[in-house]
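Structural overview
Listed below are the residues making up each chain.
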Amino acid sequence: MDAAARPEDEINRLRQQIRHHERLYYIENSPAISDAEFDYMMRRLAELEEQHPPLASADSPTRRVGGQPAEEFTPVRHNPALPMLSLDNAYSLAELGKFHQRVVKNLGHEKFQYTVEPKIDGLSVSLIYEKGALTLGATRGDGTTGEDVTANVRTIRSVPLVVEHGATPARFEVRGEVYIHRDAFERINEKREEEGQAPFANPRNCAAGSLRLLDSRITAARPLDIFLYALYITDDQGRPLEHPATATQSGAVEFMAALGFRTPDIHLCPGLDQVKEAIAGFGARRDLLDYEIDGVVVKVDSARLQTELGATSKFPRWAIAYKYAAVQAQTKLLDIQVQVGRTGALTPVAILAPVSLSGSTIARATLHNQDEIEKKDIRIGDTVLIEKGGEVIPKVVKAVEEDRAGDERKFIMPATCPVCGAVASRQEGEAVTRCTGVACPAQIKERLLHYTTRGAMDIDHAGPAIIEQLVEEGLAHDPADLYSLTVEQARGLERMAEKSAANLVKAIGASKQRPLERLVFALGIRHVGARAGAVLARHFGSMDALMAAGKEEMEKIHEIGGITAGSVALFFSQEANRRVIGKLKAAGVNMTSSQPSAGEKTLLGKQFVLTGTLASMARNEAKARIENLGGRVTSSVTKKTDYIVAGAEPGSKAEKARELGIPILEEKDLLEMLGS
Ligand code: IVH
């Protein structure tokens, strides 16, 4: 029997693939497939699990709302009564029709209205207002726990810091989407490219990256925007209250607009026909908007009926996202060129007869790799269909075979690197062909550029033109060479004035102070993104400890998988790489983490409960500092609790601790434990 035909095999394979791609997306920040491909896998898995209930499993990716919260920001638990759910998708009017039938069937009548709102592809956030003031801004995270990004949310000009309105409820939560305007996104990317940094793939990544910057000053310089599409009025315990403003979705949006929030353009539709009209209307205006919408959200208007319909563990049953098809165009494929990346990957790029697509002129598109070209049977000279979703680089969907004249040529991956001439090889089981030349200038340039980017060593003034010259003049072969560059030498480069030469050398010098977290990422080890770099640096604390660690030791770290561990171990086992580290050390580059290492985790395994108000720091800060040293902070006192920290006016928790004989610490004891 064909293995793929067995549902359990397909389910297992899908779960594995989805977990892998979730990891790439959420943890390593380097998605390898499009959202549409990912959505498709999820849908297929959900469908199979539904068809075979005994094969369902609590740890399936379908049972999880989203990604895991990152550790750099303080985690925030969302109101347990109101988890931040995701939306089911409809990719056609037929699927929308099915959604409508389900709603009618569940309600048992058709006496309800829908609302239709644009669906902006950004990132969802929750904002809490107490007594009219913004007290918390949090990302969605996994739907249950997000991250405290209040400082960054406050920088968004359209977020009111206080609301004043006659009937403002004492405590309420609004939820919406943070996004970036098309022109701002393009400006940011142009600047990044000028500075030699990798451009953001799409506006969503740009908005998400900007909202999750640890330095809110940088966020403030990014023109983020928000629209709010949900309102919950609660008591001070977070229990949802009934309120006329939240009786309907359309009313809630109107109320939020009255409070001074930016809200979506919302259409109230008495039936499915009007919903379809509204969808067509938004679709027609889509290109004229200065932000990207990837669809619309259709919601049952009445809150009472929403409650009646309820939700699955992932989606509300009263709403659906209708997704527009990607924009496509046809053009001639003039040539296929091969680009060499930082890790030596040879990537085929389609050179196209320029064509206009959703407002921009497209002349290049990615073809990913040789297999992809063969699978799609794309030939040089073909008329091809290209598609642009939210991505910066459009992709070639297929060749228009009917248009073939017969003189089209098949693409053959070169056997040698087009830049350095070294042998190009493809490992078994891999889709990518790589240049094997250790001294390949293309790889050297890409590696150096990566080393200097923001997020890595953040060296200002070292754009692609400079790096190119440094490599060509033989002034830099590896990142460590940057540190021996003199002002004299820099001045000798083309278009380099005295002052810029001094600035460049100064910026390179300043990068010596960056923490190990950045350096590990900057080395450009395969499979090590910014997140994995930080995790490794924090765990080991120093470059020496990291270099001495074996694959097995690294694999034990939560968040580091076998492939990453293997790649890091391989990297450090190579003499050439160890030599570069030696040179970096000799140049005075910092080799230690900014965070305590595992060995310094003095509170490892200890459970704390905080009660009352602390004088010297906010509760969130205390929690973060305890966690930093390996401890855990929980909210209720149990036999497992090691310490209670009692601030001013401690509550009943201190009493319970006394009953259980758990030590009660004063604030000064905690400060001592935290080493301050
Ligand atoms: S309502 C319980 N309305 O789309 C329903 N979501 O794919 C919660 N989104 O996580 C979502 N525009 O981040 C809603 N007008 C809109 C939206 C919207 C964008 C996002 C939101 C959600 C995601 C689901």
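These lines cover the structure that appears in this document, whether it is placed above or below. Just so it is clear, the structure is predicted and the values come from calculations on it, not from any experiment.

Okay, the site of the ligand next. Taken together, 14 residues lie near the ligand, and Glu 117, Lys 119, Ser 124, Glu 177 and Lys 299 sit nearest. Within the side chain of Lys 119, an N or O atom sits 3.3 Å from an oxygen atom of the ligand. Residue Glu 177 places a side-chain N or O atom 2.5 Å away from an oxygen atom belonging to the ligand. Secondary-structure elements contributing two or more residues to the shell around the ligand are β3 (114-120), β8 (224-233) and β10 (293-300). The residue inventory of the shell around the ligand, partitioned by class, reads eight nonpolar, two polar and four charged.

Our next topic: the pattern of salt bridges. For the structure on display, the rule yields 32 salt bridges. For Arg 404, the salt bridge identified is with Asp 377, shortest N-O distance 3.5 Å. Note that Arg 404 is positioned in the loop between β17 (395-399) and β18 (409-410) and Asp 377 in the loop between α11 (370-376) and β15 (379-380), a separation of 27 residues in sequence. You can call Arg 404 partly exposed: its relative accessible area is 22%. The network of salt bridges with common partners includes Asp 377, Arg 379, Asp 382 and Arg 404.

Per the counting criterion, the structure on display carries 12 aromatic pairs. Where Tyr 129 meets Phe 172, the ring centres are 5.2 Å apart and the plane angle is 5°; that geometry is what we call stacked. Taken as a pair, Tyr 129 in strand β4 (residues 123-130) and Phe 172 in strand β7 (residues 171-180) lie far apart in primary sequence, 43 residues in all. What makes Phe 172 buried here is its relative accessible area of 0%.

Let us now look at the sheet that holds strand β21 (residues 607-611). Sheet architecture is open: four strands sit in the order β22-β21-β23-β24, paired in parallel fashion. The open sheet terminates on both sides in strands that have one partner only, identified here as β22 (632-634) and β24 (664-665). With four bridges joining them, β21 and strand β23 (residues 643-646) adopt parallel strand pairing. The partner of Thr 611 across the bridge, within β23, is Ala 646. Seen against the sheet, helix α23 (residues 652-660) touches β21, β23 and β24 and runs at an angle of roughly 140° to β21.

Procedures and definitions
Residues numbered from 1 in each chain as written. Predicted model: local features only at pLDDT ≥ 70, side-chain atom pairs only at ≥ 80, totals over all residues. Heavy atoms only, no water. Near = heavy atom within 4 Å. Polar contact = N/O pair within 3.5 Å; in protein donor to acceptor, adjacent residues only side chain to side chain. Helix = DSSP H or I, 4+ residues; strand = E, 2+ residues; numbered from the N terminus. Nonpolar A, V, L, I, M, F, W, Y, C, P; charged D, E, K, R; others polar. Salt bridge = Lys/Arg side-chain N within 4 Å of Asp/Glu carboxyl O. Buried < 20%, exposed > 50% of the residue type's maximum accessible area, 1.4 Å probe, protein only. Phe/Tyr/Trp six-rings, centres within 6.5 Å; stacked < 30°, edge-to-face > 60°. Pairing = 2+ DSSP bridges. Contact = heavy atoms within 4.5 Å. Axes fitted to C-alpha atoms, helices over the stretch in contact; angles between N-to-C directions.

Any functional reading would require information that these geometric values do not contain.
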